[in-house]
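Coordinates in review
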Amino acid sequence: MRTTAAIPVARRISGFVYAIRNIVAEARKVEAAGQKVRYLNIGDPITFGFKTPPHMIEAVERAMRDSHNGYAPSVGILPAREAVAAELTRRGMPVTPDRVVITSGTSEGIELVLTAIAEGGDEVLIPSPTYPLYTAVLAKIGAVPVFYRKDPTAGWMPDPEEIERQITPRTRALVVIDPNNPTGATYPEPIRRRLIEIADKHNIPLLADEVYGDLAYEGPVPPMASLYPDAPIISFSSLSKAYLAPGWRAGWMAVGRTERLDEVLAGVKKLADGRLCSTGPMEYAIPAALNGDRSHEAGFRAALRERAEITVSCLNAIPGIHTVAPTAAFYAMPQVQLPAGVTDETYVLSLLRTTGVLCVHGSGFATRPEDGFFRVVFLASPGELSEIYALVADFTKDFLARSSH
Ligand SMILES: Cc1ncc(COP(=O)(O)O)c(C=O)c1O
């Protein structure tokens, strides 16, 4: 007997949403219809012509030639863990290599820690807007995101007092992304200190996503744990952004020195054993990156600052659009004043179909659909960005005129 019935998937799949990639299916349709698509949806500098530093490539190549092609230790090779520990210690977060785990990008570190600490039904404080991996992982493990608001009228700052009021006996972690995706904000020291105090007082791990730490336009931001090394903070980062190697999936986490985190560290190591290791040869690029030549960084930061300025001036010149100026990374989160009944997704899809410009709607990052936020990745060249924003301007004028009737 043959059947054509679809094989069912687990319920958790419907909760796992990653808008940044999901929206690409729409873009492919537009491309198939013969229109050029400008991809402003994914934060990958390589796609826009930025180059991985050659000494990192050499380190990986050498590792492969030297036969480092077997499984690495599940926590990562010692030279990589030593390099991460030395780097963080130098920047004010004193940590030993045995509290560092090398992961497949920041992403795997986040997933390992959330899996180690949250039961089904537990709560995790997540920023809104957020990087969507957090909500996706929580959907997978059955835990509940509790969103804390960041205020666009206050430069996208979180309100620590509001966060403290949201803590319940089921709160298992506080996620802080600083510098931030999708807003491009960096948090001033008093806010960082308050967030740490809250985590410390309530004995909740603060998950510090610091993947953009080196990409603040004014220069690298110190790790959050440098403000209070005995607080329960876990720092996450990778070679993906500042070191221009996102495809290598080479990242790390560093678990703060407090004994309060010892069981979490042991839990993470247990989970790490199960996936054997992160990509072995790429781990050799970590010491090369952290101990080697970083001259690419200043140029990259300057390129980002220039693009941020173009983005803010072009977008803020469009009637109906306002954007907060980013201070780090390559994202901005403009807001378009939508007429009642129109959603951010309608705006973004209509922009895509009319102009070929692909952004991600704010609701993909957990803002309200009617609020009209969307995220742009401004890694394209200044000339191309100007062209793109001219298309956005023409389109928005028509769209708002049409949809307000
Ligand atoms: C805030 C944030 N965290 C984590 C990641 C994932 O980074 P990785 O490539 O290191 O897994 C990204 C990627 O865009 C990000 O923006």
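Rules used throughout
Residue numbers run consecutively from 1 along every chain, following the written order of its sequence. Given that the model is predicted, a residue must reach a pLDDT of at least 70 before its local features are reported, and side-chain atom pairs must reach 80 or more before they are shown or counted; all residues, however, enter totals for whole chains, interfaces and linings. To get the side-chain values, all heavy atoms of the structure are used, and hydrogens and water are removed first. Strands here are runs of E lasting at least two residues and helices are runs of H or I lasting at least four, both read from the DSSP assignment and numbered beginning at the N terminus. For each residue, the accessible area found with a 1.4 Å probe, counting protein chains only, is set against the maximum for its type, and the residue is called buried under 20%, exposed over 50%, and partly exposed in between. Any two residues whose heavy atoms approach within 4.5 Å at even a single point are treated as in contact. An expected span of 1.5 Å times one less than the residue number is assigned to each helix. Any residue with a heavy atom lying within 4 Å of a molecule or strand is counted as near it. We call two N or O atoms a polar contact when they sit within 3.5 Å, provided that within protein one can donate a hydrogen and the other can accept it, with sequence-adjacent residues counted only if both atoms are side-chain atoms. Surface accessibility follows the Shrake-Rupley procedure with a 1.4 Å probe radius. Residue values consider only the protein chains on display as shielding. In this count, Pro and Cys sit with the nonpolar residues alongside Ala, Val, Leu, Ile, Met, Phe, Trp and Tyr, while Asp, Glu, Lys and Arg are called charged and the others, Gly among them, polar. The term salt bridge refers to a side-chain nitrogen of Lys or Arg lying within 4 Å of a carboxyl oxygen of Asp or Glu. Note on geometry: axes are C-alpha line fits, over the in-contact stretch for helices, and angles between N-to-C directions span 0 to 180 degrees. Should the near helix be turned anticlockwise from the far one by less than a right angle, the crossing is termed left-handed; should it be turned clockwise, right-handed. For two strands to be treated as a pair, DSSP must find at least two bridges joining them. Throughout this description, the term nonpolar core refers to a set of buried Ala, Val, Leu, Ile, Met, Phe, Trp, Tyr and Cys residues connected via side-chain atoms within 4.5 Å.

Next up on the list: the overall build of the chain. The helix and strand tally for the chain stands at 15 helices and 15 strands. Referenced to the eigenvectors of the C-alpha coordinate spread, the extents of the chain come out at roughly 65 × 60 × 50 Å. Out of the 405 residues in the chain, the part that is buried amounts to 56%. Of the contacts formed within the chain by residues at least 6 apart in sequence, a portion of 76% connects residues at least 24 apart.

A few words on unusual backbone geometry. D178 connects to P179 through a cis peptide bond whose omega is -5°. Note on placement: P179 falls in the loop between β6 (171–177) and α9 (189–202). Cis geometry marks the peptide bond from N181 to P182, where omega comes out at 15°. Despite not being glycine, W156 shows a phi value in the positive range, around 65°. Relative to the assigned elements, W156 resides in the loop between β4 (144–151) and β5 (157–158). Phi at A329 takes a positive value of approximately 60°, unusual for a residue other than glycine. Here A329 lies in the loop between β10 (321–322) and β11 (331–332).

Here we take up helix α13 (residues 295–316). In this model, α13 (22 residues) spans 33 Å end to end at C-alpha, consistent with the 32 Å of a helix rising 1.5 Å per residue. What α13 keeps buried is the set H296, E297, F300, R301, A303, L304, R307, A308, I310, T311, V312 and L315. In this fold, the buried residues of α13 make contact with β10, β11, β15 (374–377) and α15 (382–403).

Turning our attention to the site of the ligand. As a matter of local geometry, the ligand sits amid 14 residues, with S107, N181, D209, Y212 and S240 nearest to it. Within the side chain of S107, an N or O atom sits 2.5 Å from an oxygen atom of the ligand. In the environment of the ligand, a nitrogen atom lies 2.6 Å from a nitrogen or oxygen atom belonging to the side chain of D209. Out of a free accessible area of 400 Å², the ligand has 94% covered by protein chains. Here the shell around the ligand takes three residues from helix α6 (residues 105–117), the largest share from any one element. Grouping the amino acids of the shell around the ligand by side-chain chemistry returns five nonpolar, six polar and three charged.

Positionally, G219 belongs in the loop between β7 (206–209) and β8 (233–238). With a relative accessible area of 14%, G219 lands in the buried category. As for G219 and P97, which are separated by 122 residues in sequence, their C-alpha atoms are 26 Å apart.

With that settled, the discussion passes to the pattern of salt bridges. Scanning the entire structure with this criterion turns up 28 salt bridges. When salt bridges that share partners are traced, they join E87, R90, R91, D214 and R294 into one network.

Another aspect to go through is the packing of α6 against helix α10 (residues 262–274). At their nearest, the axes of α6 and α10 sit 9 Å apart, and the two run at 120° to each other. As for how α6 packs across α10, the hand of that crossing is right-handed. Here α6 contributes L112, V113, T115, A116 and I117 to the contact with α10, which in turn contributes V264, G267, V268, L271 and A272. For the contact of α6 with α10, a count of residues per class yields eight nonpolar, two polar and no charged.

This part takes up the sheet that holds β15. Hydrogen bonds between backbone atoms are what pair the strands of a sheet, whose relative direction is either parallel or antiparallel. In space, the three strands of this open sheet follow the order β11-β15-β14, with antiparallel pairing throughout. Two strands in the sheet have a free side with no partner beyond their single neighbour: β11 and β14 (360–361).

In terms of nonpolar packing, the biggest core is built from 134 residues, with L206, L239, F330 and Y347 touching the most fellow members. Considering every element that reaches this core, the biggest residue donor is α15, with seven residues. Other than its neighbours up to four places away in sequence, Y347 contacts I321, V336, L338, F374, V392, F395, T396 and F399.

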